[in-house]
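Breakdown of the fold
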Amino acid sequence: LVGCAPVTGGFFSRIPERAETNMVESKSLKIAKDGIDLIQVGDFEGASRQFNAALKLEITNSSIQFLNGLAYHLRALQGDVSDFPVAEQGYQLAIQYDRTNWLAYYYKGLARMDQRDFKGAQEFFSEALLYRDNDPDLLYGMTVSSYYAQDPEVAAAALEQLRALVPEDPKALE
């Protein structure tokens with residue numbers, strides 16, 4: 001589905017970038033940053049190794065659990081569909097350790113859409129929308145998943161809210 005891609009910036013638009021900080025970083029975060037670098041160059045297996053190493057030091061870190069799930073998700077998109085359950089487990093652990101981690105809900109919804117489980121995707125997009133109700137990517141995901149889940153009322157409501165946030169650009173239609 002072309003429509004499954006997030007609206008603003010594609011799949012990688014939500015991946016944290018390496019940032020300089022004045023805060024003291026833990027060893028696990030330094031390892032995780034190396035994993036982020038590997039994701040950005042497309043080495044998802046190497047990234048997964050880094051995130052797993054970081055998790056050995058700090059297993060309850062929701063962000064690292066999310067990133068590990070993302071690495072498996074990206075591997076699954078490259079063709080090894082057996083990585084989808086591991087990706088979802090990573091996202092679920094991220095949620096378990098931080099119920100407000102809306103990115104984990106969002107990407108778990110994307111993983112469900114990638115597997116054509118549109119009702120499941122709806123569930124996770126709706127959870128993410130509780131934390132970010134005006135996010136165009138989330139609303140788009142909710143619209144598409146609801147449409148394919150044959151839930152026209154929810155699809156229409158999400159689309160209406162999305163149109164209010166991102167009005168059509170008449171120049172884009174030319």
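Above this note sits the structure.
The structure displayed is predicted, hence computed values, not measured ones. (Residues numbered from 1 in each chain as written. Predicted model: local features only at pLDDT ≥ 70, side-chain atom pairs only at ≥ 80, totals over all residues. Heavy atoms only, no water.)

**Structural notes on the overall build of the protein chain**
Within the protein chain, the secondary structure is distributed over eight helices and zero strands. When the helices and strands of the protein chain are read in sequence order from the N terminus, they spell out α-α-α-α-α-α-α-α. Here the protein chain holds 174 residues, and 45% of them are scored as buried. A separation threshold of at least 6 residues defines the contact pool for the protein chain, and within that pool the share at least 24 residues apart is 54%. (Helix = DSSP H or I, 4+ residues; strand = E, 2+ residues; numbered from the N terminus. Buried < 20%, exposed > 50% of the residue type's maximum accessible area, 1.4 Å probe, protein only. Contact = heavy atoms within 4.5 Å.)

**Looking at the environment of asparagine 101**
Within the secondary structure, asparagine 101 sits in the loop between helix H4 (84–97) and helix H5 (102–114). Through-space distance from the C-alpha of asparagine 101 to that of tyrosine 131 is 8.5 Å; in sequence the pair is 30 residues apart.

**Brief notes about helix H3 (residues 62–77)**
Over its 16 residues, H3 runs 22 Å from end to end, which matches the ideal 22 Å to within 8%, given 1.5 Å per residue. By the criterion of burial, H3 is predominantly enclosed, with 14 of the 16 residues buried. Phi turns positive one or two residues past the end of H3, at glycine 79, with a value near 130 degrees. (Expected span 1.5 Å × (residues − 1).)

**Some thoughts on the nonpolar core**
Counting residues in each nonpolar core, the largest one holds 44 residues, and the members touching the most others are Ile39, Phe51, Phe66, Leu70, Tyr106, Tyr107 and Phe125. Within the residue set of this core, elements represented by two or more residues are helix H1 (27–40), helix H2 (44–57), H3, H4, H5, helix H6 (118–129), helix H7 (136–148) and helix H8 (152–165). Top element by residues in this core is H5. It accounts for nine residues. (Core = buried A, V, L, I, M, F, W, Y, C linked by side-chain atoms within 4.5 Å.)

**Examining the pattern of salt bridges**
Scanning the model with the defined rule gives five salt bridges in all. Here glutamate 88 makes a salt bridge to arginine 112, at a shortest N to O gap of 2.7 Å. Highlighted residues: glutamate 88 in helix H4 and arginine 112 in helix H5, separated in sequence by 24 residues. The exposure class of glutamate 88 is buried, given its relative accessible area of 10%. (Salt bridge = Lys/Arg side-chain N within 4 Å of Asp/Glu carboxyl O.)

**Examining the packing of aromatic side chains**
On inspection of all chains with the given rule, the structure shows eight aromatic pairs. Seen from their ring centres, tyrosine 106 and tyrosine 107 are 5.1 Å apart, and the 80 degrees between their planes marks the pair as edge-to-face. Taking relative accessible area as the criterion, tyrosine 107 reaches 1% and is therefore assigned buried. Here tyrosine 147 and tyrosine 148 contribute two aromatic rings whose centre-to-centre distance is 5.1 Å and whose plane-to-plane angle is 85 degrees, an arrangement assigned as edge-to-face. The class of tyrosine 147 is exposed, set by a relative accessible area of 58%. Residue class for tyrosine 148 comes out partly exposed when judged on its relative accessible area of 38%. Ring pairs connect the aromatic residues Phe66, Tyr91, Tyr106, Tyr107 and Phe125, which therefore count as one cluster. (Phe/Tyr/Trp six-rings, centres within 6.5 Å; stacked < 30°, edge-to-face > 60°.)

**As for the layout of surface pockets**
Roughly 180 Å³ of volume is contained in the second largest pocket. As for the second largest pocket, its lining consists of 10 residues, and the residues nearest its centre are Tyr140, Leu159, Leu162, Arg163 and Val166. Residue assignment for the lining of the second largest pocket shows that the elements contributing at least two residues are H7 and H8. Each residue belonging to the lining of the second largest pocket can be placed in one class, and the counts come to seven nonpolar, one polar and two charged. (1 Å grid on protein atoms, 1.4 Å probe; cavity = no way out; pocket = protein on both sides within 12 Å on 5 of 7 lines; lining within 4 Å. Points joined across faces, edges and corners; volume = space filled by probe spheres on them. Nonpolar A, V, L, I, M, F, W, Y, C, P; charged D, E, K, R; others polar.)

**Side note on unusual backbone geometry**
The phi dihedral of arginine 116 is positive, around 65 degrees, even though this residue is not glycine. One can find arginine 116 in the loop between H5 and H6. Unusually for a residue other than glycine, glutamine 150 sits at a positive phi of about 60 degrees. Structurally, glutamine 150 is set in the loop between H7 and H8.

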